[in-house]
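Okay, here's what each chain looks like letter by letter:
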Amino acid sequence: MEFRSLGKTGLKVTNLCVGTMTFGNQADKQTSFEILDKAFDAGVNFIDTADVYPIGRQSVDIAGTTESIIGEWLGSKRDKVVLATKCFGAMGSGPNDQGLSRKHIMTAVEESLRRLKTDYLDLYQAHQLDPITPMDETLRAFDDLVTQGKVRYIGVSNWRAWQVSKANGIANRRDYARIVSVQPRYNLLFRMIEDDLVPMAIDEGIGIICYNPLAGGLLTGRYNKNSPIAEGTRFGLANNAGKLYQQRYWQEANFNAVERYQAWCQDLGYDPVTTAVHWVTQQPGITSAIIGASRPEHLEASLRAAETADLTKEDLAWLDELWFSLPRRREYN
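Residues numbered from 1 in each chain as written. Predicted model: local features only at pLDDT ≥ 70, side-chain atom pairs only at ≥ 80, totals over all residues. Heavy atoms only, no water.

Draft legend 1. Spatial organisation of the packing of aromatic side chains. Using the criterion set out here, one finds 6 aromatic pairs in the structure. Their ring planes at 80° and their centres at 5.8 Å tell us that phenylalanine 40 and tryptophan 73 sit as a pair that is edge-to-face. Taken together, the positions of phenylalanine 40 in helix H1 (residues 29-41) and tryptophan 73 in helix H2 (residues 65-74) put the pair 33 residues apart, joining distant regions of the chain. Owing to a relative accessible area of 24%, phenylalanine 40 belongs among the partly exposed residues under this scheme. The buried category is assigned to tryptophan 73, whose relative accessible area is 6%. (Phe/Tyr/Trp six-rings, centres within 6.5 Å; stacked < 30°, edge-to-face > 60°. Helix = DSSP H or I, 4+ residues; strand = E, 2+ residues; numbered from the N terminus. Buried < 20%, exposed > 50% of the residue type's maximum accessible area, 1.4 Å probe, protein only.)

Draft legend 2. Layout of the packing of helix H3 (residues 102-116) against helix H4 (residues 135-148). Where H3 meets H4, the axes come as close as 9 Å, and the angle between the chain directions of the two elements is 30°. Put simply, H3 runs roughly parallel to H4. The hand of the H3/H4 crossing is right-handed. Two secondary-structure elements touch here, H3 through Arg102, Ile105, Met106 and Val109 and H4 through Glu137, Thr138, Arg140, Ala141, Phe142, Asp144 and Leu145. Residue composition of the contact of H3 with H4, grouped by class: 6 nonpolar, 1 polar and 4 charged. (Axes fitted to C-alpha atoms, helices over the stretch in contact; angles between N-to-C directions. Parallel < 35°, antiparallel > 145°, perpendicular 65-115°, else oblique. Left-handed = near helix turned anticlockwise from the far one by under 90°. Contact = heavy atoms within 4.5 Å. Nonpolar A, V, L, I, M, F, W, Y, C, P; charged D, E, K, R; others polar.)

Draft legend 3. Representation of the packing of H2 against H3 in the model. Running from N to C, H2 and H3 cross one another at 45°; their axes reach a closest spacing of 7 Å. By the angle between their directions, the pair H2 and H3 is classed as oblique. For the pair H2 and H3, contact is made by Glu67, Ser68, Ile70, Gly71 and Leu74 and by Ser112, Arg115 and Leu116, respectively. Residues of the contact of H2 with H3, tallied by class, amount to 3 nonpolar, 3 polar and 2 charged.

Draft legend 4. Seen up close, helix H6 (residues 197-204). Along H6, the residues classified as buried are Leu197, Val198, Met200 and Ala201. For H6, the angular spread of the buried residues around the axis is 165°, confining them to a single face. Against helix H5 (161-174), strand S8 (179-183) and strand S9 (207-210) lie the buried residues of H6. Following H6 by one or two positions, glycine 205 adopts a phi angle in the positive range, close to 70°. (Arc of directions from axis to C-beta.)

Draft legend 5. Local environment of the environment of phenylalanine 88. Relative to the helices and strands, phenylalanine 88 is located in the loop between strand S5 (82-87) and H3. Accessibility expressed as a relative area gives 18% for phenylalanine 88, which makes it buried. It is 8.3 Å that separates the C-alpha atoms of phenylalanine 88 and leucine 129, two residues lying 41 residues apart in sequence. Non-local contacts of phenylalanine 88, meaning those with residues more than four positions away in its chain, are made with Asp51, Gln98, Gly99, Leu100, His104, His127, Gln128, Leu129 and Asp130.

Draft legend 6. Summary view of the pattern of salt bridges. Inspection of every chain in the model, using the stated rule, returns 16 salt bridges. One salt bridge in this structure joins glutamate 204 and arginine 178, with 3.8 Å as the shortest N-O distance. With glutamate 204 in helix H6 and arginine 178 in the loop between H5 and S8, this pair connects stretches of sequence that are 26 residues apart. Salt bridges here are not isolated pairs; linked through shared partners, they connect Arg102, Arg140 and Asp144. (Salt bridge = Lys/Arg side-chain N within 4 Å of Asp/Glu carboxyl O.)

Draft legend 7. Geometry of the nonpolar core. Formed by 95 residues in total, the largest nonpolar core has its most connected members in Tyr124, Trp159, Leu218 and Tyr261. Element by element, the count of residues in this core is highest for helix H8 (residues 252-268), at 6 residues. Setting aside its immediate chain neighbours within four residues, tryptophan 159 contacts Leu100, Ala126, Gln128, Leu129, Met135, Val164, Ala167, Ile179 and Leu197. Val82, Leu123, Ile209 and Tyr211 belong to the second-largest nonpolar core, a separate cluster that totals 12 residues. (Core = buried A, V, L, I, M, F, W, Y, C linked by side-chain atoms within 4.5 Å.)

Draft legend 8. The arrangement of the state of the cysteines in detail. Under the counting rule described, the total for this entry stands at 0 disulfides. Residue cysteine 17 stays outside any disulfide, its sulfur separated by 11 Å from that of cysteine 210, the closest cysteine. No disulfide involves cysteine 87; its sulfur sits 17 Å from the nearest other cysteine sulfur, which is in cysteine 17. (Disulfide = S-S within 2.5 Å.)

Draft legend 9. Region of interest: the side chain of threonine 14. By the element assignment, threonine 14 lies in strand S2 (residues 12-14). Among the residues examined, threonine 14 registers a relative accessible area of 0% and is labelled buried. Beyond its immediate chain neighbours, meaning those up to four positions away, threonine 14 contacts Met1, Glu2, Phe3, Gly43, Val44, Asn45, Phe46, Thr287 and Ser288.

Draft legend 10. Examining the pairing of S9 more closely. In S9, alternate side chains face the same way, and those of Gly207 and Ile209 on one face and Ile208 and Cys210 on the other are all buried. The pairing of S8 with S9 spans 2 bridges and is parallel. By the bridge assignment, serine 181 is partnered in S9 with glycine 207. Crossover S8 to S9 through H6 is right-handed. (Pairing = 2+ DSSP bridges. Right-handed = clockwise from strand over helix to strand, strands pointing away.)

Draft legend 11. Here's a closer look at the pairing of strand S10 (residues 286-291). The buried fraction of S10 amounts to 6 of the 6 residues, a majority that puts the element mostly inside the structure. Pairing analysis gives 3 bridges linking strand S3 (residues 16-19) to S10, with the strands arranged parallel. Bridging across to S10, valine 18 finds its partner in isoleucine 291. The sheet contact formed by S9 and S10 spans 3 bridges and is parallel. What sits directly across from cysteine 210, in S10, is alanine 289.

Structural data, given as structure tokens:
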């Protein structure tokens, strides 16, 4: 496992990170423990979660279940793990139970600390941009958490490059804690962040933690465009989560690209999962790729990406053509 600095900070994280949004829904507590054990034993020191997980939940009543599972697992391993969580999403039915207001952030962090059974978070991230709350209010609240010692570093997820730059401009002027990491979607079928977010992050020394390295599982080749979407899979999740993933990836052009990718991997003797994850970690500016699973055995091919030889120039050129052959879509995140 390779350790990399998170942006310009002194914090070292592994180039693979355990994603946990299946915990408490697709994976029960015992299975979640087994997934965490497998990653930890392989040398992964980085865990990413969010207060609204598990994804695909039917009700806000089970929001926080994933954090509670992780908190039970951590125990004496806390100081050996870099723990990241997020806030923004709805944690209740009230008007102040979501967003990035000072009120919600201060409530959300205390609840996350309680569920995770820890007195500090290594990385606290804004899960989305809040278009209503002024950035200054959000950044001041985050800065106070750093000053209080409850949070070590601040990051964001699903923000555009200009939004991160604007926020850090405010932080510089106000002497607030800066955003040190971004968490965007990134994979062989979705590379739009290369246009702006990646160059900005490299120039500003901001770490990039990528989610969806397997395009919601599409790159594994397990899905067939002519077959019904099975319940319990990423594309069949409830509460609109499945529809989101269908909108992102369930298009004929993507299925055709995956067929070409699968054939290319077979010709070269490459594992499609290992190759897709390794491609992400090999790209310029990328700190870590978030790998998830609903069963521990699902992690094996992704974990092998940490010990796989770099893809050749010829490999990278072919994979570039795979991306450039896809029609451009309007959505970004």
